[in-house]
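Breakdown of the fold
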Amino acid sequence: MSHESSTPPTMWAVASSDRLKMLMERTGTGESITSRALADAAGIAHGTVGALMAGTQRAVPEDKAKAICAAIGVDLLVLFIPLERAGRAFIPSQATA
């Protein structure tokens, strides 16, 4: 029996909705990506991408954060901040830039 199955996934907060939008304008390939194309490429709901862009949703599970970053072509820590470190909840303030 795996201990991993009973542990909830680590949640990751988008560092800034503006940063997400900027990275979508110029992905790792130099191309732009729409919110629908990002959702399709990451295998997540379009509403999730829209909510992250609007700032109405801050956090997603680790697998979704990694899928978004892979679709954009950036490292995880460029766009997301882990909400838990060493068993303690960490809630970053929203970037205002």
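Throughout, a residue's number is its position along its own chain's written sequence, starting from 1. Given that the model is predicted, a residue must reach a pLDDT of at least 70 before its local features are reported, and side-chain atom pairs must reach 80 or more before they are shown or counted; all residues, however, enter totals for whole chains, interfaces and linings. Here the side-chain values reflect all heavy atoms present in the structure, with hydrogen atoms and water set aside.

Now for the overall build of the chain. Numbering of helices and strands starts at the N terminus; helices are DSSP runs of H or I of at least 4 residues and strands are runs of E of at least 2. Broken down by element type, the chain carries five helices and five strands. Taken from N to C terminus, the helices and strands of the chain fall in the order β-α-α-α-β-α-α-β-β-β. With 97 residues in all, the chain has 34% of them scored as buried. Here the term buried applies to any residue with accessible area under 20% of the maximum for its type, exposed to any over 50%, and partly exposed to those in between, with areas from a 1.4 Å probe on protein chains only.

A few words now on the pattern of salt bridges. Just to be clear on terms, a salt bridge is a Lys or Arg side-chain nitrogen sitting within 4 Å of an Asp or Glu carboxyl oxygen. Scanning the entire structure with this criterion turns up one salt bridge. Between Glu62 and Lys66 there is a salt bridge; the shortest N-O distance is 3.2 Å. Residue Glu62 and its partner Lys66 are both found in helix H4 (residues 62–72); the two are separated by four residues, about one turn of the helix. Given a relative accessible area of 26%, Glu62 falls into the partly exposed group. Given the relative accessible area of 46%, Lys66 is considered partly exposed.

A few words on the sheet that holds strand S2 (residues 59–61). A pair of strands counts as paired when DSSP detects no fewer than two bridges linking them. Read across the open sheet, the three strands follow the order S2-S1-S3; overall the sheet is antiparallel. The open sheet has two edge strands with one neighbour each: S2 and strand S3 (80–82). For this sheet, the mean angle separating the axes of adjacent strands, direction not counted, is 35°. With three bridges joining them, strand S1 (residues 11–14) and S2 adopt antiparallel strand pairing. Looking at S2, one finds that Met11 is bridged to Pro61. Comment: axis = line fitted to C-alpha atoms, over the contacting stretch for helices; angle = value between 0 and 180 degrees taken between N-to-C directions.

Moving on to the environment of Ala13. With respect to the helices and strands, Ala13 occurs in strand S1. Relative accessible area serves as the criterion here: at 2%, Ala13 is assigned to the buried category. Sequence-wise, Ala13 and Ile81 are 68 residues apart; in three dimensions their C-alpha atoms are separated by 5.2 Å.

This part takes up the packing of helix H2 (residues 35–42) against helix H3 (residues 46–54). Between H2 and H3, whose axes approach to 8 Å, the crossing angle comes to 125°. On the basis of their axis angle, the class for H2 and H3 is oblique. Once H2 is placed against H3, the crossing between them reads as right-handed. Of H3, the residues touching H2 (which contributes Ser35, Arg36, Leu38 and Ala39) are His46, Val49 and Met53. Any angle from 65 to 115 degrees is called roughly perpendicular, while one under 35 is roughly parallel, one over 145 is roughly antiparallel, and all others are oblique. In this scheme the handedness of a crossing depends on how the near helix is turned from the far one: anticlockwise by less than a right angle means left-handed, clockwise means right-handed. Here, residues are in contact when the closest pair of their heavy atoms is within 4.5 Å.

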